[in-house]
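# Tertiary structure, described
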Amino acid sequence: MRLSLSFAMLLACFPAHADSWAPPGVQVKASASGAYLVRMEPGRRGLKPAGTTICRYDAKAERYTRSTAYVPPHAISPVDPVLAGNGTVVALDEWAQVGRGVVLTVHAADGTPTHRYTLSSLLGEKAAVAAPATVSSTWWRCGEPALIAGGHVVRVVTYDEGELRVDLRDGTVDYTPGDGRCQ
């Protein structure tokens, strides 16, 4: 009994670090050229699925028209969506659960999922385990993701100031570890 009480008191001395997340809102992103827009509506776990709508600019009609809509794999909402010039959508992390489960998904302009990655499949098990973590999240990246190489590659700066590149065409992953920490 004393041992159990002592252990409980010891645990109370080391508080867990929790994250605080505001409810997600609707996210709208445009491709760099403006040819596509993506609108991501958050879901409510168990009540309403999240929704993704992609619109393409119709120059003749001088307006955007809906080209596709689909239910993404996110229960609530991705943290950071990125839209490529060809309508490909890259979604990073699940709202309030950064770095857990599937952390990066790629959907073609028609909504078809083309690539899905866990943190360990992107960084390797050793680097994934070394990323700073709280109760609900693993903080594996710094800043916002960016499209490079003509919009065909998503670039992410990792927690160790390394660089992750994922080619959206073939799914090739290239991770170069760093030796620092996010600032």
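Residues numbered from 1 in each chain as written. Predicted model: local features only at pLDDT ≥ 70, side-chain atom pairs only at ≥ 80, totals over all residues. Heavy atoms only, no water.

## Quick look at the sheet that holds strand β1 (residues 27-30)
Spelled out, the test is: We treat two strands as partners when DSSP finds at least two bridges between them. Note on conventions: DSSP H or I runs of at least 4 residues are helices, E runs of at least 2 residues are strands, and numbering of each starts at the N terminus. The axes are straight lines fitted to the C-alpha atoms, using for helices just the contacting stretch, and the angles between their N-to-C directions are given from 0 to 180°.
Ordered by their spatial adjacency, four strands build an open sheet running β1-β2-β3-β4, and the pairing between neighbours is antiparallel. Each of the sheet's edge strands pairs with one partner strand only, and the pair in question is β1 and β4 (63-70). If you compare each strand with its neighbour and ignore which way they point, the axes differ by 20 degrees on average. In the sheet, β1 pairs with strand β2 (residues 36-41) via four bridges, with the strands oriented antiparallel. Across the sheet, residue Gln27 finds its bridge partner in β2, namely Met40.

## Quick notes on the side chain of Glu163
To keep things clear, this is the line we draw: Between N or O atoms, a polar contact is any pair within 3.5 Å; within protein, one atom must be a potential hydrogen donor and the other a potential acceptor, and residues adjacent in sequence are included only when both atoms are from side chains. Note on contacts: a residue pair is in contact if any heavy atoms of the two residues lie within 4.5 Å.
Mapped onto the fold, Glu163 is located in strand β11 (residues 163-167). For Glu163, the side chain forms a polar contact with the side chain of Arg155, separated by 2.3 Å. Within polar-contact distance, the side chain of Glu163 engages the side chain of Arg165 at 2.7 Å. In this structure, Glu163 is in contact with Arg155, Val156, Thr158, Asp174, Tyr175 and Thr176, ignoring residues within four places of it in sequence.

## Observations concerning the state of the cysteines
Applicable threshold: Only a pair of cysteine sulfur atoms within 2.5 Å counts as a disulfide in this structure description.
Counted under the stated rule, the structure contains one disulfide. With a sulfur-sulfur separation of 1.5 Å, Cys142 is cross-linked through a disulfide to Cys182. Here the S-S torsion is close to -80 degrees, and the disulfide linking Cys142 with Cys182 is therefore left-handed. With Cys142 in strand β9 (residues 141-148) and Cys182 in the segment after β12 (173-176), this pair connects stretches of sequence that are 40 residues apart.

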